[in-house]
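# Working through the structure, step by step
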Amino acid sequence: MSKQKVAIITGSGQGIGKGLAERLAKDGFAIVLSDINEEVLNETVKEFEGKDVKVTSYVGNVTRLEDQIELVQKAVDTFGSVDVFINNAGVEQVAPLTVVEPKAVDAILDINVKGVIYGIQAAANQMKKQGTGGKIINACSIAGHQGFEMLGVYSASKFAVKGLTQAAAKELAPDKITVNAYCPGIVGTTMWERIDEEMMQYMGTKKGEAFEKFSEGIALGRTQTPEDVANLVSFLASSDSNYITGQSILTDGGMVFN
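This one's a predicted model, so the numbers in the text were calculated from it and none came from an experiment.

Analysis parameters
Residues numbered from 1 in each chain as written. Predicted model: local features only at pLDDT ≥ 70, side-chain atom pairs only at ≥ 80, totals over all residues. Heavy atoms only, no water. UniProt positions renumbered as here; feature names shortened; annotations may be inferred. Helix = DSSP H or I, 4+ residues; strand = E, 2+ residues; numbered from the N terminus. Buried < 20%, exposed > 50% of the residue type's maximum accessible area, 1.4 Å probe, protein only. Core = buried A, V, L, I, M, F, W, Y, C linked by side-chain atoms within 4.5 Å. Contact = heavy atoms within 4.5 Å. Axes fitted to C-alpha atoms, helices over the stretch in contact; angles between N-to-C directions. Left-handed = near helix turned anticlockwise from the far one by under 90°. Nonpolar A, V, L, I, M, F, W, Y, C, P; charged D, E, K, R; others polar. Salt bridge = Lys/Arg side-chain N within 4 Å of Asp/Glu carboxyl O. Parallel < 35°, antiparallel > 145°, perpendicular 65-115°, else oblique.

Taking the UniProt record as the reference, the feature "active site" (unreviewed entry) is found at Y154. Among the secondary structure elements, Y154 is positioned in helix α5 (residues 152-172). The class of Y154 is buried, set by a relative accessible area of 12%.

Laid out in structure tokens, this is it:
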């Protein structure tokens with residue numbers, strides 16, 4: 001009987017990260033949840049335990065390499081290995097590039113870029129020790145394929161994730177570690193609620209209007225759910241994607257076409 005595989009998901013207390021964890025649990029993975037918000041994380045752990053999911057958790061800050069290393073160690077100590085590591089944690093800020101503040105720039109780049117670098121480092125070093133390969137999956141975005149107004153720094157961070165995904169894929173291929181990214185579009189989560197509210201002061205829109213405006217161009221005619229994102233990540237975490245690496249794959253219902 002083969003050993004149960006183990007997946008770590010950062011930023012998985014709620015939103016897309018929680019959706020990814022739910023799907024991978026259904027796929028048969030033991031789950032390691034991680035989030036900086038301890039209260040939300042604990043609630044999600046209880047929910048998973050109530051569904052008889054093999055789960056553990058770690059309260060961590062992805063901008064700290066030591067936290068990422070400890071997160072991986074928690075997975076190894078609890079379940080014996082790390083087979084899939086998902087760099088899901090991310091933040092955004094709405095502001096024109098002419099006024100965006102240094103603190104906001106630092107926060108976005110620290111979490112969205114440095115967090116991915118440190119996650120790759122921690123996961124890859126453990127996977128190399130195991131000698132059985134692995135899968136690293138990064139959170140990119142449609143904003144990693146096309147820059148969006150009022151989201152300039154966020155777009156820059158996601159273009160960086162696309163580059164990191166390609167570079168890491170080339171470096172880690174000899175160790176049979178694949179590195180790919182998922183690129184969501186407009187997902188109805190708390191992140192987009194914040195974006196919508198912040199857009200109001202710059203676009204003069206009312207609540208909900210910015211979300212509606214950005215959603216108008218979706219070819220399939222609806223906004224995205226965390227389940228839509230999870231469908232792609234499930235594939236990337238599975239053996240069906242073993243011959244795919246270095247790709248940042250759009251899952252946006254038809255918004256950005258490459």
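Still more ground to cover, so stick around.
In terms of nonpolar packing, the biggest core is built from 28 residues, with I8, I136 and L172 touching the most fellow members. Sorting the residues of this core by element identifies β1 (6-10), β2 (30-35), α3 (65-79), α4 (102-130), α5 and β6 (177-184) as the ones contributing at least two each. Sequence-distant contacts of I136, that is, excluding residues within four places in its chain, are made with F85, N87, I120, A123, A124, M127, L172, I177, T178, V179 and N180. Grouped together as the second largest cluster of nonpolar side chains are 27 residues, I16, L20, F29 and V45 included.

Looking now at the packing of α3 against α4. Close contact between α3 and α4 brings their axes to 9 Å; oriented N to C, the two are set at 40°. The two elements α3 and α4 cross, and the hand of that crossing is right-handed. Residue-level inspection shows L65, Q68, I69, V72 and V76 of α3 in contact with α4, the latter providing G115, Y118, G119, Q121, A122, A123 and Q126. Residues of the contact of α3 with α4, tallied by class, amount to seven nonpolar, five polar and no charged.

Enumeration according to the criterion identifies seven salt bridges in this entry. A salt bridge links K51 to E47; the nearest nitrogen and oxygen atoms lie 3.7 Å apart. K51 gets classed as exposed once you look at its relative accessible area, which sits at 52%. Accessibility expressed as a relative area gives 31% for E47, which makes it partly exposed.

Below, the discussion takes up the packing of α4 against α5. At a closest axis distance of 9 Å, the pairing of α4 and α5 adopts a crossing angle of 15°. The orientation of α4 relative to α5 falls into the category roughly parallel. The element α4 and its partner α5 pack so that their crossing is right-handed. The segment α4 lies against α5, with V105, I108, L109, N112, V113, V116, I117, I120, A124 and K128 engaging V153, Y154, S157, K158, A160, V161, L164, A168 and L172. Of the residues assigned to the contact of α4 with α5, the class counts are 15 nonpolar, two polar and two charged.

Our focus in this paragraph is unusual backbone geometry. The residue D52 is not glycine, and still its phi comes out positive at about 60°. Within the secondary structure, D52 is located in the loop between α2 (38-49) and β3 (55-59). Note on D52: relative accessible area 73%, which makes it exposed. A positive phi angle, close to 60°, is found at K176, a residue other than glycine. Looking at the secondary structure, you find K176 in the loop between α5 and β6. Of the residues examined, K176 reaches a relative accessible area of 67% and is grouped as exposed.

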